[in-house]
Amino acid sequence: MQAKAREVYVPPVLQDLRAGTAELHIALEKRLPFFSDLLDTNAFGRLMQAYYGFYAPLERALLDSAAIPADFDLTPRLKAPVLRADLQAMHLPGEAIDSLPLCRSLPVINSSADCLGVLYVLEGATLGGQILRREIAARLSLDADNGAAFLDIYGAATGRRWRDFIEYLGSQALDAHDREAVVAAAQTTFSCFERWLESREVLA
Ligand code: HEM
């Protein structure tokens, strides 16, 4: 495992998120096929199509919700457009991308606490991306130019952007009840994603 991105302060909500999602992370990580000998370019493409089917509607739901905190700039953190570009780079036509199945069983986003929980999962996933990026480059010769930009979405800014997100998270006034809601949203995000990937038959 990689060294933890340098962090100055771990706010209570992050401690709760880590405690509440560690097992879900381990379980999902074990089932994802990034390190499988069976993963070829075709299987990677199907995996990224399934990712798109989750990220696109979930980011849409975040954008459409009235709950996203006004001072949080989501646009530069959107990942579905990069997934879409990756699929195009892997020669999937725009019309085929538009007709990909999209997950309908998404976490409910009714409060800023819900948003923060969902965002924790989507932002945290960029950290593991740094390991997956190297594996996929070595195994399939795919990188940011030919289908694997999503795995390196923030590039050299990955650590800084994670720290910025954690700082933002820590700056929110959250009581114990709010923190529970943040953790519940993060847990639901992990479980919805796993169930979705399972239904798309891309998990080990
Ligand atoms: C095989 C796939 C994956 C690998 C190898 C992996 C690996 C990692 C690694 C190395 C970290 C950094 C841990 C640290 O610095 O202590 C991390 C953090 C994280 N990952 Fe993953 N990851 C994978 C998939 C995912 C997925 C699919 C998600 C969610 C959609 C996810 C969500 C997170 C979150 C939320 C964190 C932040 C944990 C924290 O520091 O609070 N990961 N992952």
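Just so you know, the residues in each chain are numbered from 1, in the order the chain's sequence is written. With pLDDT at 70 or above as the cut-off, local features in this predicted model cover only qualifying residues; side-chain atom pairs require 80 or more to be listed or tallied, and sums for whole chains, interfaces and linings still use all residues. By convention in this description, side-chain values take in all heavy atoms of the structure and omit both hydrogens and water.

Caption draft 1: Spatial organisation of the nonpolar core. To form a nonpolar core, buried Ala, Val, Leu, Ile, Met, Phe, Trp, Tyr and Cys residues must be joined to one another through side-chain atoms within 4.5 Å. Partly exposed describes any residue whose relative accessible area lies between the buried limit of under 20% and the exposed limit of over 50%, with all areas from a 1.4 Å probe on protein chains only and scaled to the type maximum. Core analysis: the biggest nonpolar cluster contains 65 residues, and F34, F44, M48, Y51, I136 and L197 have the highest contact counts within it. Counting residues per element, the ones that place at least two in this core are α1 (12-31), α2 (41-64), α3 (80-89), α5 (112-140), α6 (158-171) and α7 (176-199). For the purposes of this entry, the term helix denotes a DSSP run of H or I that reaches at least four residues, the term strand denotes a run of E that reaches at least two, and both are numbered from the N terminus. At 12 residues, α2 tops the list of elements feeding residues into this core. By definition in these notes, contact holds between two residues if any of their heavy atoms fall within 4.5 Å. In contact with F44, other than residues within four places in its own chain, are F34, L39, M90, I136, L140, L142, G147, A148 and L151.

Caption draft 2: Main features of the pattern of salt bridges. Definition used for salt bridges: Asp or Glu carboxyl oxygen within 4 Å of a side-chain nitrogen of Lys or Arg. Evaluation of the coordinates by the stated rule reveals 11 salt bridges. One salt bridge in this structure joins R31 and E198, with 2.8 Å as the shortest N-O distance. Taken together, the positions of R31 in helix α1 and E198 in helix α7 put the pair 167 residues apart, joining distant regions of the chain. R31 gets classed as partly exposed once you look at its relative accessible area, which sits at 23%. A salt bridge links E123 to R77, with the shortest nitrogen-to-oxygen separation between them at 2.6 Å. Of this pair, E123 sits in helix α5 while R77 sits in the loop between α2 and α3, and the two are 46 residues apart along the sequence. For the pair E123 and R77, one class covers both residues: buried. The network of salt bridges with common partners includes R31, E194 and E198.

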